[in-house]
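Survey of secondary and tertiary structure
Residues per chain are reported as follows:
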Amino acid sequence: MPFPNEAELLAKVPTQLYIGGEWVDGENEPFAVLDPATGEELARVANATPAQGKAALDAAVEVKDEWARTTPRHRAELLRKAFDRVIELRDEFALLMTIEMGKPLPEAQGEVTYGAEFIRWFAEQAPRIIGRYGSTPEGNARMLVSKQPVGPCFLITPWNFPLAMATRKIAPALAAGNTCVVKPASLTPLTTLYFVKILEEVGVPKGVVNLVTTRDTAGVSDVIMEDDRLRKVSFTGSTPVGVNLMKKAAEKVLRTSMELGGNAPFVVFEDADLDKAVDGVILAKFRNIGQACTAANRVFVQKSVADEFAKRVAARVADFKMGRGTEDGVVIGPLVEAKAVEKVAEMVEDAKSKGADVVIGGNKGAGEGYFYEATVLNNVGLESQVVKEEIFGPVLPIIPFETEEEAVELANASEYGLMSYVFTENFSRGQRMMDRIEAGMMGLNVGVLSNAAAPFGGVKMSGVGKEGSFEGIEEYMYTKYTAVPDPYSDQ
Ligand code: NAD
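Fair warning: this is a prediction, and the values are worked out from it, not measured in the lab. (Residues numbered from 1 in each chain as written. Predicted model: local features only at pLDDT ≥ 70, side-chain atom pairs only at ≥ 80, totals over all residues. Heavy atoms only, no water.)

**Looking at the overall build of the protein chain**
Helices and strands together make up the secondary structure of the protein chain, namely 17 helices and 24 strands. The globule rule puts the C-alpha radius of gyration for 491 residues at 23 Å, and the 24 Å found for the protein chain is close to it. On the principal axes, the C-alpha backbone points of the protein chain span a range of 80 × 60 × 45 Å. Pairs at least 24 residues apart make up 73% of the contacts formed inside the protein chain by residues separated by at least 6 positions. Only carbon and sulfur atoms are counted for the fraction: they give 52% of the accessible area of the protein chain, which is about 19500 Å². Across the protein chain, 52 positive and 69 negative side-chain charges occur, with their mean positions spaced 4 Å apart. (Helix = DSSP H or I, 4+ residues; strand = E, 2+ residues; numbered from the N terminus. Rg over C-alpha atoms; globule rule 2.2 N^0.38 Å. Contact = heavy atoms within 4.5 Å. Areas by Shrake-Rupley, 256 points an atom, 1.4 Å probe, with all protein chains shown as cover. Lys, Arg positive; Asp, Glu negative; His and termini not counted. Charge placed at Lys NZ, Arg CZ, Asp CG, Glu CD.)

Following this line, the structure appears as C-alpha cells:
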C-alpha cells in the first residue's frame, strides 16, 4: 500500500463532535489544530459548549443499560474488529500523529502498535470477567460476588500519546460494559477523532462512545463532573489538573483513575554495562522528544563513570537529526507548541546558571516550528528546575552520586513516583533498588517497558490506579456481593 498522502488523509478525518452516534458541529467557534513542525493549520475542529458536553453524557446514559447487557463475547468481537482496523490503517494513524503532535514517523508507527494492543488485550479480557461463589464460614448462606460495569465514564486524554492514551481507557471501559464520553487534548484531537470513526465503522452502537473536543475544557468538564449520572473519571495529564479533578470527583464520590506527571530517576551504577545504560537512556530520554511521563528526567550516574557516560551519550546525540517527523532519519521532531520551547530553554538557562556544564546542545532550533536541540547537561545542581520539575523536552541532566544509599535518597527526593530506571549488573543491588525506589514502575537494565499486558501507573503525586494488564479492566468495574440462602437450610 502506498504511504498515505497528508491532504487525502486529513480529508478523511472527522472534525465534528460525536454525540449519540451523530457527527455534529460545535456551538462555539471551531479551533485550529497546528502542525508543530511548521506552525501551519492542519484542520479546524468543533468546539463544544458545556451544554454539548452534557448532551454527550445524556447520550452515554441513555444506552448504558443496553450496552451493559450485551455479552462479553459481543463486546470482545467489536473491539477485536477495531484492533484489526487500526492495524490495517497503521500508516494513516502514524502519519496523523506525526503531523499533529510532532513525533518521528517510526515512533508514531510504534505507538499505533502499542495503542492497538490495548484494544486487543481488553477484547481478550472481556470474556474473562468472572466472579466468585462460596459459602459463608457459618454455612448459613451462599455468597455470590460479581463484577458490574461502573457506569458512564468520562475519559480525558493528553496530547503526547494521542492514540495509546485513548485506547488504554476506551477499550477497558467498553470491555467492562460501560459507555463513555471522551475528551482528547485540544492540541492533538485528530488521532482520537479518527479512532472514534473506526469504532463507529466497526459497529459500536450509537451513544456507547461519545467524543467532545473543546477549548472550553473547564466549562465542559465541570458540567460533566457535576452530573449525578457520571460514575467514573479517568484522566491522564498533568498533576495540577489531576488534583483539581480529584477534588471535583470527591464531591460526587466518583471512581477515579489518575495517570499524572512524572520525574523519573535513571540510576547508573559503576557496575553497569555502560553501553547498555547509554542505549537505555537514549530511549528513556529522547523517545517522543522527551515529552513522556515516563521520560528519564534525572539521570544519576555514579561519580567514577559519570564523565565517560556523558561523553558516550553526547557522541550518540551528536548524530541526531532534527526536523519534521515525516522526514527520513529524524530523531528530534518539534515540541508540541511554542511555549514548550520557551519553557525548556528557560530550564536549561536555569541549570547553567546553577553550574551545569553543557556537554552538547542547549539551543532552540532555527527557523519555523517549535524545535529545541537534543541537549546533555553534566554536573547539574540539585536545586535546578530540570531536577525538580518534569522537563518534557529533549534535555538530559546528569547528576553524579557516590554511594547506593545516596542514589536511593536522590531518586526518592521527588513528589512524583511514576517510572524509574536502574542500570547495574549486580542483581542483588537491582533487587534492593526495586524494593526501595518509590515508583509504580521500574526498568531494571531496560529503557522502555510500556506494554498493554503490564500494569502501568504511579504512586505519590503521579497518580492512583493502573492502566493495562488485569488491573486495567478492574478500574471500570465494581464488585457486587449478593447473599442467597444456603440451599440446605430448608431441608
Ligand atoms: P494537561 O493536564 O494540560 O491536559 C490533559 C488533558 O486534560 C487535556 O485533554 C486537557 O484539555 C484536559 N484538561 C485541562 N484542564 C482541564 C480541566 N480544568 N478540567 C478537565 N480537563 C482538563 O496535560 P498535557 O499537557 O496534555 O499532558 C502532559 C502531562 O500528562 C504531563 O504531566 C505528563 O507527565 C502527563 N502524562 C501522564 C501519563 C501517565 O500515564 N501517567 C501519560 C502521558 C502523559
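**Topic: the domain arrangement of the protein chain**
When its domains are assigned, the protein chain resolves into domain 1 (6–260 + 462–480) and domain 2 (264–444). Each of domain 1 and domain 2 was reduced to a C-alpha centroid, and the two centroids are 31 Å apart. Every contact between the two is made by 25 residues of domain 1 and, on the other side, 26 residues of domain 2. Carbon and sulfur atoms supply 56% of the area buried between domain 1 and domain 2, which totals about 2100 Å² over both sides. It is Pro36, Ala37 and Ser462 that lose the most area in domain 1 upon contact with domain 2, and together they represent 23% of the buried surface on that side. Inspection of the region where domain 1 meets domain 2 yields 2 salt bridges. (Domains from an automatic or database assignment. Buried area = accessible area lost by both parts, 1.4 Å probe. Salt bridge = Lys/Arg side-chain N within 4 Å of Asp/Glu carboxyl O.)

**Some points on the site of the ligand**
Every one of the 27 residues lining the ligand counts as a neighbour, but Thr157, Trp159, Arg168, Ser238 and Glu390 are closest to it. Within the side chain of Trp159, one N or O atom sits 2.8 Å away from an oxygen atom of the ligand. A distance of 2.8 Å separates a nitrogen atom of the ligand from a polar backbone atom of Leu260. Burial of the ligand by the surrounding chains reaches 86%, relative to a free accessible area of 850 Å². Going through the elements one at a time, helix H7 (164–175), helix H9 (217–225), strand S10 (232–236) and helix H10 (239–251) are the ones with two or more residues in the shell around the ligand. Its residues assigned to classes, the shell around the ligand shows 14 nonpolar, 9 polar and 4 charged. The residues that make up the shell around the ligand include at least three from each of domain 1 (6–260 + 462–480) and domain 2 (264–444). (Near = heavy atom within 4 Å. Polar contact = N/O pair within 3.5 Å; in protein donor to acceptor, adjacent residues only side chain to side chain. Nonpolar A, V, L, I, M, F, W, Y, C, P; charged D, E, K, R; others polar.)

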